Every structure is written in structure tokens, then in C-alpha cells.
Amino acid sequence: MRFGVVVFPGTWSDRDCGHVVRDVLGADLVYLWHKDRDLRGADCVILPGGFSYGDYLRAGAIARFSPVMETVAEFAARGGLVWGICNGFQVLCEAGLLPGALVRNDCLEFRCEWTHLRCEREATPFTGCLGRGQVVRVPIAHGEGNYVADPATLDALERRGQVVFRYCDAAGTTTRVANPNGSHANIAGIVNERGNVLGMMPHPERCAEAELGGTDGLLLFRSVLEAAAGAVRA
Amino acid sequence: MIARVVVMPKPVVNDPQGVTVRQGLNALGFGEVADVRVGKYIEVRLDGSSTEEAKRRVDDMCRRLLANQVIEDYHFDLEEPAG
């Protein structure tokens, strides 16, 4: 099982992701430069957090034109696993691989804090080790994580069960207070219709070791490891 | 030719920046300010094309990069070079 971690100019969470993949999970790791067109045998491509291209124009707007994104889009179309975290989620929305968009947090603040997430769908390659309704504790660090989409898209996401994570309190209730950015329906993460592309604002790579205050994030990496056995290879 | 592009958040998209600026103006005594929306202004300088061609090209630029039509609307004017 090999993870490919994409590095854009301005990406900042690539080494965190790489550390979890290689040193904690024990999987193969390859870093993919934004100019690469070859995914070098990755079973799962991670678009990590950061400020790709300085978030110029809009978060993720420029990164989607990177050569590597053409190959990532083809890989996703073949059913390959693509996982966008934070800025990676913004890139996936700008690239049209996921519906909707992420706009400025309604509080106008950059929020860097622990959140609770309720798993709404366990039957994805990213959440197989979680149970439906399970609450995990995962940190966020973003200024533009407020998920929006037109009403028809939001209805379709709910109807097809594409909402994977919602911000909630420790007991699993989706309250207004538990929503750090104003996202519609407390949405923290969604998958595409086929279920092989996940975008999420919280950072599971920052809570995969007890020393960092939590290990819930490792459950997502483990899920991908288990799912990759039957997945498409780049 | 210069294209003056204005990109605005769609009316249905919540604009917390605009709300905050409106509150600031109200606090400064501008009680008549009922609403503020904050968008972007972009100038694009184009090399020698006809107005019709430039209009078509700039519209394409807006749709493909300058605006995200999920959350933003755009409009633009073209200014012919003087002389």
C-alpha cells in the first residue's frame, strides 16, 4: 500500500501526512511534486493542508491547474482514492472533483482548535474503521472552511449519503456552537457520488499519535490501508 | 485594451466580511448603511484583440478562473486604449 502526498508551493501539512503514513502507519510513501504527472504507483493520493500558491485569488483556485492535478483527476475518474485535507478539500472543490465551495469562516477568524466530528457514513474507503455515529476528536486550522453549495446540490449530498463528517459536540449532537466556521448543516467532510474522493477540513494527520493529544485520526489512515487492497492503482 | 472585472459573492451566499464592514460603518455613525457586500476588482490588460474577441475571451477567463460560479457572480467592462 502506497500513499502519494502531493506538494504544491505553499503546502504545509505534507510532512505531517508523510510522517503518519511512513512512521506511524508503516505504509509506503512517495511525495508528488506539483509538476509531476506520474503518481508513481500510489494507491491513495493525499492533497494536504496549507496555502497552495498563497491562496491567491481563492483558496485552491491556482493549485487545480497544476500538472499533477490532471493526473489526479484521471486517477479519481478511474476510481482511485483521492483524499483532500483542509486546503486539499478546497482544491478538490475548485477542480470540480467535489461539489460546492469553501468560503470565509462566518466568524471571520482563523480557527485553530480541536473539534468533534460525527461519522455519518462508515461505508467509504476512508471510514471503514469507524462506526456510523461514532464521534472522533480531530483538530482544525483554517480561515476558509465554511462549506456552501446551492440548495439542489445540498439536497443531493444528503439524499445520497455523501456527507461523511459533521461538526458536533462531545456527545455527538450537531449544535450551532460546535460548528466552528458556519458550514451548512455542520458539514466537515464529503465524498463524491462514487465514494472514492473525500474532502474534509479537519486534520486527521495531526492526531495520529498519543503525544499529539489524540489518535482518532489514525483510524482514517487505517481505513484507507484496509480499503486499498481492492482499490485502483495509479 | 483593459478589462475591468468585478467579482461579487452571490446574493444567496452569506458574506460575513460585508456584514462586519456594515456594522463598522453603522458604529461610525453611518446609520443609513443597510447592507455591504465585499467583492474583488481585477484589471486585465490584453494585447491587440477586437472588442468582440476580447469580450468573449474575458468572459471565458471569468468562467474558468477569475470567478467561482458556485459562490460568485462577475461582470466586466472593456476600456479601449486612448488615442
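The residue count restarts for each chain, going from 1 along the sequence in the order it is written. All chains are assigned letters beginning with A, and all ligands numbers beginning with 1, in the order in which they are written. The predicted origin of the model limits local features to residues at a pLDDT of at least 70 and limits the giving and counting of side-chain atom pairs to 80 or more, whereas totals for whole chains, interfaces and linings rest on all residues.

## Some thoughts on the overall build of chain A
Along its length, chain A carries five helices and eleven strands. Note that the radius of gyration is over C-alpha atoms, with the globule rule given as 2.2 Å times the number of residues to the power 0.38. Since a compact globule built from 234 residues should have a radius of gyration of about 17 Å, the 16 Å found for chain A is in line with a globular shape. Put plainly, a residue is buried at 20 or more neighbouring C-beta atoms within 10 Å of its own, exposed at 12 or fewer, and partly exposed in between, counting only other residues' C-beta atoms, which are placed from the backbone. Across the 234 residues that make up chain A, the buried fraction comes to 53%. Put simply, of all contacts in chain A between residues at least 6 apart along the chain, 75% involve residues at least 24 apart. Secondary structure follows DSSP: runs of H or I at least 4 residues long count as helices, runs of E at least 2 residues long count as strands, and numbering of each begins at the N terminus. Think of it this way: build a C-beta for each residue from its backbone, and any pair within 7 Å is a contact.

## Looking at the environment of L198(A)
All names here are of chain A. Position of L198 among the secondary structure elements: in strand β11 (residues 197-200). Given 29 C-beta atoms within a 10 Å radius, L198 is considered buried. Note: C-alpha distance between L198 and R15 (183 residues apart in sequence) is 20 Å. Leave out the neighbours within four places in its chain, and L198 touches W83, G84, T124, F126, V164, G189 and V191.

## Things to note about the sheet that holds strand β2 (residues 28-33) of chain A
The pairing of strands in a sheet comes from backbone hydrogen bonds and takes either a parallel or an antiparallel form. Residues and elements named next belong to chain A. Two strands qualify as a pair provided DSSP detects at least 2 bridges between them. Strand order in the open sheet made by the nine strands is β2-β1-β3-β4-β11-β10-β9-β6-β7, with mixed pairing throughout. Taken across any chain shown, the strands that pair with only one partner, and hence form the sheet edges, are β2 and β7 (135-142). Each adjacent strand pair in this sheet contributes to an overall mean axis angle of 25°, direction not counted. Direction of pairing for strand β10 (residues 187-191) relative to β11: antiparallel, over a ladder of three bridges. Across the sheet, residue V191 finds its bridge partner in β11, namely L198. Angles shown run from 0 to 180 degrees and are taken between the N-to-C directions of axes, each axis being a line fitted to C-alpha atoms and, for helices, limited to the stretch in contact.

## So, the nonpolar core
Soluble, globular proteins show a tendency: their nonpolar side chains are buried together. If you look at the biggest cluster of nonpolar residues, it comprises 73 residues, and the most contacted ones within it are V6(A), V45(A), I46(A), V82(A) and L92(A). Ranked by residues supplied to this core, first place goes to helix α5 (residues 216-227) of chain A with six residues. Apart from the residues within four sequence positions on either side, V45(A) is in contact with G4(A), V6(A), L39(A), V72(A), F75(A), G80(A) and V82(A). In terms of nonpolar packing, the next biggest core, distinct from the first, is built from nine residues, A3(B), V58(B), Y74(B) and F76(B) among them. For this analysis, nonpolar core means a set of buried Ala, Val, Leu, Ile, Met, Phe, Trp, Tyr and Cys residues linked through C-beta atoms within 7 Å.

The analysis is restricted to geometry; functional conclusions fall outside its scope.
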